[in-house]
There are 2 protein chains.
Amino acid sequence: MPDPLIALKQRLSEVHNLNAAASVLDWDQQTQMPTAGIAARAEQKATLAKISHQMFTSQETQQLLADAEGVAGSVDPASDDAALIRIARRDLDKATKLPTSLVTELSRTTSLAQEAWAGARASNDYPTFAPWLEKIVRLNQHIADALGYDDRRYDALVDQYETGMTARVLDGFFTELKRELLPLTRAVFERADAVDASPLHGVFDEERQRLFIEGVLTDCGFDFQRGRQDRAVHPFCTSFSQNDVRITTRYDREFLPMALFGSLHEMGHALYELGVDPSLEGTLLSNGTSLGVHESQSRLWENLVGRGRPFWKHYYSRIQETFPASLGSVAPEAFYRAINRVAPTLIRVEADELTYNLHIVLRYELENELLEGRLSVADAPEAWNAKMENYLGQAPPTDTEGILQDVHWSLGILGYFPTYSLGNVLSVQFFEQARADLPQMDDDLAAGRFSPLREWLRENVHRPGRKIDPIDLVQKVTGNPLTPEVYLRYLRTKFGEIYGR
Amino acid sequence: MPDPLIALKQRLSEVHNLNAAASVLDWDQQTQMPTAGIAARAEQKATLAKISHQMFTSQETQQLLADAEGVAGSVDPASDDAALIRIARRDLDKATKLPTSLVTELSRTTSLAQEAWAGARASNDYPTFAPWLEKIVRLNQHIADALGYDDRRYDALVDQYETGMTARVLDGFFTELKRELLPLTRAVFERADAVDASPLHGVFDEERQRLFIEGVLTDCGFDFQRGRQDRAVHPFCTSFSQNDVRITTRYDREFLPMALFGSLHEMGHALYELGVDPSLEGTLLSNGTSLGVHESQSRLWENLVGRGRPFWKHYYSRIQETFPASLGSVAPEAFYRAINRVAPTLIRVEADELTYNLHIVLRYELENELLEGRLSVADAPEAWNAKMENYLGQAPPTDTEGILQDVHWSLGILGYFPTYSLGNVLSVQFFEQARADLPQMDDDLAAGRFSPLREWLRENVHRPGRKIDPIDLVQKVTGNPLTPEVYLRYLRTKFGEIYGR
């Protein structure tokens, strides 16, 4: 390896370690930290963000990258090293456009905004969160302006999470989803009584849930020597290295799907991080290639596997034995129908597969309006409620069940929500390709053999990490670009069968 | 406030935040981290140690401190600011003597050595830990040589933990302790059957222990909004800010004192960190002034309060109700005698008040011999066993119960153990002064009123933080220098009464 590359890698690994440390502090804040620790924690994370950004964008790193680019001619263009130089250049150019003061300010603001949001949500008090949201919208406007964009501010923001994505493409994407999903959901709503969800409501001892879920995660390949699962208000997955990937969940003692499908979802994210090629560990390439592809993995395990018939062929008798009082007399098909029930919900994370994307459309539209100044923070709750009425036929009675439900904006993140819908679409594209490549897949799942699917995902989707851009990855793995078509056909078939055509 | 002081404080607070982040990573490693996470964690901590040391010893910080010293004339010499400049100069001069490469190497080595030690201890396999100990002794020799010393390498090391302490002073201190304690312990050993420890051995449900202990900690003033308690292999206290101070403990279901007195001990450390003047938060002055004074606080709550008659006058009926099967028919006086039983033990942390210091003498002597090359790492277990035979009349049958029992050396810490004996002595000096100032103290403790003692400690010992050096603090609070005399009299009286003269 040429010397300049060694020096660059050493430098980047230090930045990587600082970012990993910040992630540990964040995980601790969300799962362990005593409440009074927040002020100091905000300062600690702001310092890490500041130093990481300073080190990454320093003259020294710029020079090391330029030196490495100077010897790139002697590096195999298909190698990890070539990819590292390419991604480092892209990341560095972006980071350099952001002043360190803005990065530090965003970190400090969002640590505190997160607490303000949690308080506002708990007491249905949007006005106490509004000043933080104002500040976060303003900071994101600054970020978008600093990063630059051709067409709309949104382009600069979404590109941070989904390389190459633009608001123009998303407009078309969501228009197509809306056109199909609005009539489809309405048709299903009219047959609401075709599915009975009562089996999922009962008494489900939390410790029994935990043990059942840990068993499922282990079966699917989540290695508790390389990760852990904890309780948190907002479920998430975080990774400090390829050998320390953590997920969180929340339990509802009276509603089974909450922890069960939430855990499968976060496990899908975790398997991605755990499955990246070990040779990329500790480099810029060692994470998922985009949030859309990441979400495709979580939704694949949550919905395509976890809400599918084969999965429950394997697990249903076991979950009946775990909760005999609630499920003992429920037929497998009734359980399958219950976990796939479609109903208008106020809460995104509780939404079924069919209505989920409508929650995303709403957020995408509001984010654009906020960023472009067409909607004020003060008027945002009303706009939220009007869209809920329009898309799902019911407005939330409180802001807690409306605009305050999601953590994302308090984390300073705008432009992230669309990746959930991209992930939904990609999950089906990947899953159908896997089924085409693995003709025994449904039989394997029905027998609790998850390794063929998991290894297929690892080889095709996980292993490259950030070496392959999302657009290229989808094309390479499925032979097609991202397209809602396959996804919409899947929804029509699945829910047509459940609800009758 | 003069501008140069503002700039210095800003810089120092960033270094402080980096060090706090490293402490979070360390706490996580010891209480939460999945086993496979260790390699990446070692790198993360090494990066933080490196950057912290680089930032602290940089030309920029040197200049900021010089500028602040330039305006020190306009600062009240008794003010926090004057103390900050004084302590910053002392810390910076020390840190500057250590090359960053040595600091980084020590951090990386000890993260891994800690795992090696845990494995070696679990399997009684000293040879697998020996290479790590060799490396740690060598690194500490480099540290001592880099820091410099007049007389012996030990001086440079112990001064890191106890400002102003030297091996010459410690030699005299331990000689005096040995002269008194060796005959005293032997006399007590001969009357071993005067005290029956069997009430402490039984079945003590872990969850009941935890709830009882959390109640005691809360009563004593440990605020769970500003801290938490977790399980760990090795009990410790760590502080990320004055509002996030965490302690750990370990439970033995068959031996009550383990978690109970261990928790009181760590709580004593925590109350010190929680009690420093809030105006010092986030500065170099916001921690305890020395490890000896720190240990005086832990031993005070563990032994002077927790193993005293007044404390159990308040709590005994409650603990009887908590563990009726084991304690229901045990008289209060029998319980008091049991928790103060003196017996030769192999394990330091299980030692009674009388024999505890003999464990420290042993470690102090071995550390000196290792550092000065008079003892090889290979021969150390034998030397350990011989001293145990000599001081306590029994050699450990395994290294796990001998030289492998303590975590300290694996953490890279040599020169730390003497502070435990300094703390024992100081705990009695402070406690007797508190009793002189608070004539109702014993009645208060017997009634479960802990706030007078806690507030006395806060005002006199905790609040100044590092503003007052340990030697000056002892003189100021007690009117006397550190002296074993008061301590030895306390031991003779207490154990003379229990064992008969």
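As a starting point, this report considers the structure included with it. From a predicted model like this one, the values you see are computed outputs, not experimental measurements.

Attention now goes to the sheet that holds strand 2 (residues 237-241) of chain A. All names here are of chain A. In spatial order, the strands read 1-3-2; together these 3 strands make up an open sheet with mixed pairing. On the outer flanks of this sheet lie strand 1 (227-231) and strand 2, each paired with one strand and no other. Each neighbouring strand pair of the sheet contributes to a mean axis angle of 20°, computed without reference to strand direction. Sheet analysis places strand 1 next to strand 3 (residues 244-249), joined by 5 bridges and oriented parallel. When the sheet's bridge partners are listed, Gln229 is paired in strand 3 with Ile247. Contacts between helix 10 (residues 257-275) and the sheet are confined to strand 1, strand 2 and strand 3, with strand 3 contributing the most and set at about 165° to the helix.

Residues and elements named next belong to chain A. Viewed as axis vectors pointing N to C, helix 8 (residues 167-189) and helix 21 (residues 484-499) meet at an angle of 5°, and their least axial separation amounts to 11 Å. What the angle tells us is that helix 8 and helix 21 run roughly parallel. On helix 21, the residues touching Phe173, Glu176, Leu177, Glu180, Leu181, Leu184 and Val188 of helix 8 are Pro484, Tyr487, Leu488, Leu491, Arg492 and Tyr499. The residue inventory of the contact of helix 8 with helix 21, partitioned by class, reads 10 nonpolar, no polar and 3 charged.

All names here are of chain B. Structurally, the position occupied by Gln62 is in helix 3 (residues 59-70). Taking relative accessible area as the criterion, Gln62 reaches 18% and is therefore assigned buried. Side-chain polar atoms of Gln62 contact the side chain of Thr96, separated by 3.1 Å. Beyond its immediate chain neighbours, meaning those up to four positions away, Gln62 contacts Thr57, Arg89, Leu92 and Thr96.

Between chain A and chain B, which share one sequence, the superposing operator has a rotation angle of 180° and an axial displacement of 0.0 Å; the RMSD is 0.0 Å. The transformation relating the two chain copies, once decomposed into turn and shift, fits a two-fold axis. Taking C-alpha positions as the reference, the residue of chain A nearest the rotation axis is Ala21 of chain A, at 3.5 Å. The overlap is high: 100% of the interface residues of chain A also sit at the interface in chain B, so the same surface is used on both sides.

Thresholds applied
Residues numbered from 1 in each chain as written. Chains lettered and ligands numbered in written order. Predicted model: local features only at pLDDT ≥ 70, side-chain atom pairs only at ≥ 80, totals over all residues. Heavy atoms only, no water. Pairing = 2+ DSSP bridges. Helix = DSSP H or I, 4+ residues; strand = E, 2+ residues; numbered from the N terminus. Axes fitted to C-alpha atoms, helices over the stretch in contact; angles between N-to-C directions. Contact = heavy atoms within 4.5 Å. Parallel < 35°, antiparallel > 145°, perpendicular 65-115°, else oblique. Nonpolar A, V, L, I, M, F, W, Y, C, P; charged D, E, K, R; others polar. Buried < 20%, exposed > 50% of the residue type's maximum accessible area, 1.4 Å probe, protein only. Polar contact = N/O pair within 3.5 Å; in protein donor to acceptor, adjacent residues only side chain to side chain. Least-squares fit on C-alpha atoms with pLDDT ≥ 70 in both.

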